[in-house]
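One letter stands for each residue in the lines below.
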Amino acid sequence: MGIAVFILAGLLVHCVFLVSIFDIYFSSPLVHGMTPQQTPLPPPAKRLVLFVADGLRADSLYELNSNGTPQAPYLRGILENNGSWGISHTRVPTESRPGHVALIAGFYEDVSAVAKGWKENPVEFDSVFNESKYTWSWGSPDILPMFAKGATGDHVYTFCYTAESEDFGAQDAAKLDTWVFDHVKSFFNSSRSNQTLFSALHEDKVVLFLHLLGIDTNGHAHRPNSREYKENIRKVDEGIKEIVLMIENFYGNDGKTAFILTSDHGMTDWGSHGAGHPSETLTPLIVWGAGVNYPQKVTSQFFEDNFLKEWKLEDLKRLDVNQADIAPLMASLIGVPFPVNSVGTLPLEYLNNSAHFKAESIFTNAVQILEQFKVKMSQKKKTTLSFLFTPFKPLSDSEQINFLKKTRLYIQQQKYDEAVSLCKTLINLALEGLSYYHTYDRLFLGLSIAMGFVGWTTYVILVIIKTHTNLTKTVQTNNKETTALFYGFAFVGMIIAFFLLIQTCPWTYYVYCLLPVPVWYAVVRELPVIQDLAANFLSLHIGQSIGFILVCALGIEILVFSFFYRSTLTIGLLVFAGWPLVTQLWVQAKTTALIWTLLCVLLAIFPLMPVVGREPNISLVVVTGLLTLLISCFSLTSLCKSKNKYRNNEDLKIHFCQVLSIALSTYVVSSTHNSLKNKQGLPVLNQIISWMTLVSSSVLPLLSPTFLFQRLFSILLSLMSTYLLLSTGYEALFPLVLSGLMFVWINMEQEALQHYGLSLKQKLAVFNFACATDITQFRQLHLDDVRRSFFFVFFIVAAFFGTGNIASVNSFDPASVYCFLTVFSPFMMGSLLVLKVVIPFVLVSCAFEAVQVTTQLSSKSLFLIVLVISDIMALHFFFLVKDYGSWLDIGTSISHYVLVMSLTIFMMLMNGLAQLLTTKRLELPKRTKHHST
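Residues numbered from 1 in each chain as written. Predicted model: local features only at pLDDT ≥ 70, side-chain atom pairs only at ≥ 80, totals over all residues. Heavy atoms only, no water.

1. Brief notes about the overall build of the protein
Point 1. Within the protein, the secondary structure is distributed over 35 helices and 8 strands.
Point 2. For the protein, the proportion of contacts with a sequence separation of at least 24, taken over those separated by at least 6, is 80%.
Point 3. If you sum the accessible surface of the protein, you get close to 39,700 Å²; carbon and sulfur atoms cover 63% of it. (Helix = DSSP H or I, 4+ residues; strand = E, 2+ residues; numbered from the N terminus. Contact = heavy atoms within 4.5 Å. Areas by Shrake-Rupley, 256 points an atom, 1.4 Å probe, with all protein chains shown as cover.)

So, in structure tokens, the structure goes:
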């Protein structure tokens, strides 16, 4: 198999493994074809006003100020005198889109929906807005359009400000909320002179939705504990008070309006969200008005958190709900059908109505969820062979009829408490059944993927042993045996395909189930190699072999552990620091070994530091810029003084451009953050310089000489100028220390080569990347090369987790991109944050490329070992993925697997990028000199 075919096959296999996780664990839970269910009794409210304060934490709203006054006096008065309150528990991912879908449609989107876009609907869904007679909404262009687009007919109206208004660097983001309040007021005023609108507003089943984004924007820009965030809460409180009074007056205080205030997600102390930290998942819920219970006094109530005491709300009953429960609550209050995909349970304690109404409402809720269960079951039954189908026993057809008959009888006999209790049992069983059928194929698909994984890893190990070591002799293949083997595997593939076809499985199932067939065919074809290897293995010293395997296993376990505990990287780096002592390398290279030890210890400090973005420190970024400037100036002067015959003036000019770029980046970071601090926005000149630096950083290294250290130093300077612009604190120092260690690593590997007598020591100063591809000089793999590959994977993981656990969505800090843009643009901001993560990767990959060529190894051989290490890690995480337990655990387990798989795919691409950056050189057109004769 050629290298290009092998890399393509590897990319394909890994992409399948990566995508499979979403099919197996996180496919969309939605089913279609249910009949809408509606409570038969008249509702208490004619209209509902929903206020969603985006990014508002529960504690930020409920806690008292240091002087004992409430943050939001009006809302505090409501929950103490007029309505019911509690905490709405959101789910991961704590982002605006899934949060609003849970609130308004009553179901939790699959995790992958975040990647499918904020504005578009990855799947069509029903919502309270869709079921209403009219919905008018005001707020962000990122949220409102998706509910209008999903609605049938023309009855959901949206009024949005421009996307450019969502500026993190603006003077005050509270103006976004003021915009909403002002437009709602002018809308109601204009209706008095517009008879059509006036009569529409007086219809039943009307929803008014106010999306208030200011709190979220201020939280990102200034953190939730800032004066701006708290001031915004106060403004929202005042705005809600004005709107409520205006609406009550407009309808002549008819007592037919219900009000709900909640939030889509919270926010961490460092101004981000997306993961499962309690500060992100606990949001406030205050409900008052028509059909809502008044505050209920209690003498004692128990919750695991101690918030009640902090908030001085011990004597008022706290009614907690899941975020999806708010959708059925809204539907019940205004008497619209429950959204057909809702999985929320109606929180009856919020309702101030007759026991009969409550029983009928929860019965409607139960039937609506049971409808989804029936559709899901019939779908699964249709696509599974009858002798293989295992139904969900607690809800067989007879059990369903029994439940419904019993409940209806209880309601007729006015035994409402028994009816409610039975309905809650039915809802829980139906939700369990939905989950059962949703995960029906999980084991079967999981085993297919695991078989593919094991087969692929085995094949890569065989390729390494066969082509890059002397462990096996060349074995002649028997053509007859190979043909028989091919037909055997083809037959197995056909049986699997037929089996899937008669069950009308989705096309992705064919990919997952058929992938192991060619992979294992490739493994079994190498049977002679396996036999030869087994014979060789038995002749080796058993103790040594087992020892080697145990050391490898321990190394991989340390890498896996580092995903959960960053401090593991510190331990690993301290072990690396002692490597020259253990292997006696320090005897032959004392200075290099000493610098190696020092830099390992220095790098080991970073994983112990707090996650990036939590404590911005711009002065540290400026100091790093000046330090980089000092190092580059020192290198520039040494280059000028050197009598190097390879040096020319063009190289000096490029080096000077890079030094200038570092100086500009340092200035831009400092001035931009000062400007934003003074609320003057992002200066246009700074923005232009930032984008120009970003573009030039990918080109300038290609113009520099291809001598080893000159090219690597050029890559460092170019990437460093971009990294400085994306830094907000101590992480700016990270690539500098990492690069220092990489430079020493290249030298240390030369010493190791000489130590093991594998090769003569080369002169690295004059080593040229462009001339390093002489195939005749490549040597076979040695046991020490496994250690080299492990070092690379370890450094890649350290590059990733060194400055923070990026496996958690919430550690991304928007402040990192403020030199480039401050207007909210999720994909542009995401791309820049990914670039920030990639820069240390590139530095490690380029150093690894240098290690490969200077140790006379083909890039394929070492890379294959790296592939094996990362695939074994990925298999670990595949089995650790879960979709139950705390949402923090679920979010972490997905992101760990996705990260390792992405790393593997990424390292394949990085390998190519590192070769390009180190070996290729762009020549500038030279001016021709005219000689006078």
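That covers the picture; the talk isn't over yet.
2. What about the pairing of strand β5 (residues 206-212)?
Point 1. For β5, a buried count of 7 out of 7 residues is recorded, marking the element as mostly surrounded by other parts of the structure.
Point 2. Going residue by residue along β5, you find Val206, Leu208, Leu210 and Leu212 tucked away on one face and Val207, Phe209 and His211 tucked away on the opposite face as well.
Point 3. Summarising the sheet, strand β1 (residues 47-53) and β5 pair through 7 bridges and their orientation is parallel. When the bridges of β5 are listed, arginine 47 appears paired with valine 206.
Point 4. Looking at chain direction, strand β3 (residues 134-139) and β5 are connected through 5 bridges and run parallel. Within β5, the residue paired with serine 137 across the bridge is phenylalanine 209. (Buried < 20%, exposed > 50% of the residue type's maximum accessible area, 1.4 Å probe, protein only. Pairing = 2+ DSSP bridges.)

3. Digging into helix α9 (residues 214-222)
Point 1. Along α9, 8 of the 9 residues are buried, which leaves the element largely enclosed by surrounding structure.
Point 2. Residues Gly214, Ile215, Asp216, Thr217, Asn218, Gly219, His220 and Ala221 constitute the buried set of α9.
Point 3. Packed against the buried residues of α9 are β1, α7 (175-191), β5 and α10 (227-250).

4. Let's talk about the nonpolar core
Point 1. Ranked by size, the top nonpolar core spans 139 residues in total, and within it Trp596, Trp745, Phe795 and Met873 carry the most contacts.
Point 2. Broken down by element, this core gets its largest block of residues, 15 residues, from helix α33 (residues 826-854).
Point 3. Apart from the residues lying within four places of it in its own chain, the contact partners of tryptophan 596 are Phe576, Ala577, Trp579, Pro580, Leu741, Val744, Trp745, Met748, Phe791 and Phe795.
Point 4. Counting 68 residues, the second-largest nonpolar core is a separate cluster that includes Val128, Val292, Phe373 and Leu395. (Core = buried A, V, L, I, M, F, W, Y, C linked by side-chain atoms within 4.5 Å.)

5. Description of a nonpolar patch on the surface
Point 1. Together, Phe387, Leu388, Phe498, Phe499 and Ile502 make up an exposed nonpolar region whose accessible area comes to about 510 Å².
Point 2. Positionally, phenylalanine 387 belongs in the loop between α14 (355-382) and α15 (397-412).
Point 3. Here phenylalanine 387 falls in the exposed class, since its relative accessible area comes to 67%. (Patch = residues over 30% accessible without salt bridge, like charges linked within 9 Å, V, L, I, M, F, W, Y side chains within 5 Å. Salt bridge = Lys/Arg side-chain N within 4 Å of Asp/Glu carboxyl O.)

6. With respect to the environment of isoleucine 24
Point 1. Mapped onto the secondary structure, isoleucine 24 falls in helix α1 (residues 3-24).
Point 2. Judged by relative accessible area, which is 4%, isoleucine 24 ranks as buried.
Point 3. C-alpha separation for the pair isoleucine 24 and leucine 445, spaced 421 residues apart in sequence, amounts to 6.7 Å.
Point 4. Filtering out sequence-adjacent residues up to four positions away, isoleucine 24 remains in contact with Arg442, Leu445, Gly446, Ile449 and Phe878.

7. Thoughts on the packing of aromatic side chains
Point 1. What the rule picks out here adds up to 59 aromatic pairs.
Point 2. Here tryptophan 136 and phenylalanine 187 contribute two aromatic rings whose centre-to-centre distance is 5.7 Å and whose plane-to-plane angle is 50 degrees, an arrangement assigned as tilted. Remark: phenylalanine 187 occurs in helix α7 and tryptophan 136 occurs in strand β3; sequence separation between them is 51 residues.
Point 3. Exposure remark for tryptophan 136: the relative accessible area of 4% places this residue in the buried category.
Point 4. With a relative accessible area of 8%, phenylalanine 187 lands in the buried category.
Point 5. With 5.5 Å between their ring centres and 40 degrees between their planes, phenylalanine 392 and tyrosine 436 make a pair best called tilted. Residue phenylalanine 392 is located in the loop between α14 and α15, and its partner tyrosine 436 is located in helix α16 (residues 416-438); the two are separated by 44 residues in the primary sequence.
Point 6. Since its relative accessible area comes to 9%, phenylalanine 392 is described here as buried.
Point 7. Look at tyrosine 436 and you get partly exposed, because its relative accessible area is 27%. (Phe/Tyr/Trp six-rings, centres within 6.5 Å; stacked < 30°, edge-to-face > 60°.)

8. A short note on the side chain of threonine 257
Point 1. Mapped onto the fold, threonine 257 is located in strand β6 (residues 257-262).
Point 2. One polar contact links threonine 257 to arginine 47, side chain to side chain, over a distance of 2.7 Å.
Point 3. For threonine 257, the contacting residues outside a window of four places in its chain are Arg47, Val49, Ile247, Glu248, Tyr251, Gly289 and Ala290. (Polar contact = N/O pair within 3.5 Å; in protein donor to acceptor, adjacent residues only side chain to side chain.)

9. Considerations on the packing of helix α28 (residues 649-677) against helix α30 (residues 708-725)
Point 1. Following both chains from N to C, one finds α28 and α30 inclined at 15 degrees, their axes separated by 8 Å at the closest point. Taken together, the axis directions place α28 and α30 in an arrangement best described as roughly parallel. As α28 packs across α30, the resulting crossing turns out to be left-handed. In this structure, α28 uses His655, Gln658, Ser661, Ile662, Ser665, Thr666, Val668 and Val669 to contact α30, whose residues at the interface are Phe713, Ser714, Leu717, Ser718, Met720, Ser721, Leu724 and Leu725.
Point 2. Tallied by class, the residues present in the contact of α28 with α30 amount to 8 nonpolar, 8 polar and no charged. (Axes fitted to C-alpha atoms, helices over the stretch in contact; angles between N-to-C directions. Parallel < 35°, antiparallel > 145°, perpendicular 65-115°, else oblique. Left-handed = near helix turned anticlockwise from the far one by under 90°. Nonpolar A, V, L, I, M, F, W, Y, C, P; charged D, E, K, R; others polar.)

10. Notes on the pattern of salt bridges
Point 1. Applying the stated criterion across every chain, the model contains 21 salt bridges.
Point 2. Of the charged contacts in the structure, one is a salt bridge between glutamate 203 and lysine 133, with a shortest N-O distance of 3.2 Å. On the criterion of sequence distance, the pair formed by glutamate 203 in the loop between α8 (195-201) and β5 and lysine 133 in the loop between α5 (128-131) and β3 is long-range, its members being 70 residues apart.
Point 3. With a relative accessible area of 41%, lysine 133 lands in the partly exposed category.
Point 4. Of the charged contacts, one joins aspartate 785 and arginine 788 as a salt bridge, the two residues approaching to 2.5 Å between their closest N and O atoms. With aspartate 785 and arginine 788 both in helix α32 (residues 783-801) and 3 residues apart, this pair spans about one turn of that helix.
Point 5. Classification of arginine 788 as buried rests on a relative accessible area of 0%.
Point 6. Members of the salt-bridge network, linked through shared partners, are Glu749, Asp785, Arg787 and Arg788.

11. Looking at the side chain of serine 714
Point 1. Topologically, serine 714 is positioned in helix α30.
Point 2. Serine 714 has contacts with Gln658, Leu700, Pro701 and Ser704, leaving out every residue within four places of it along the chain.

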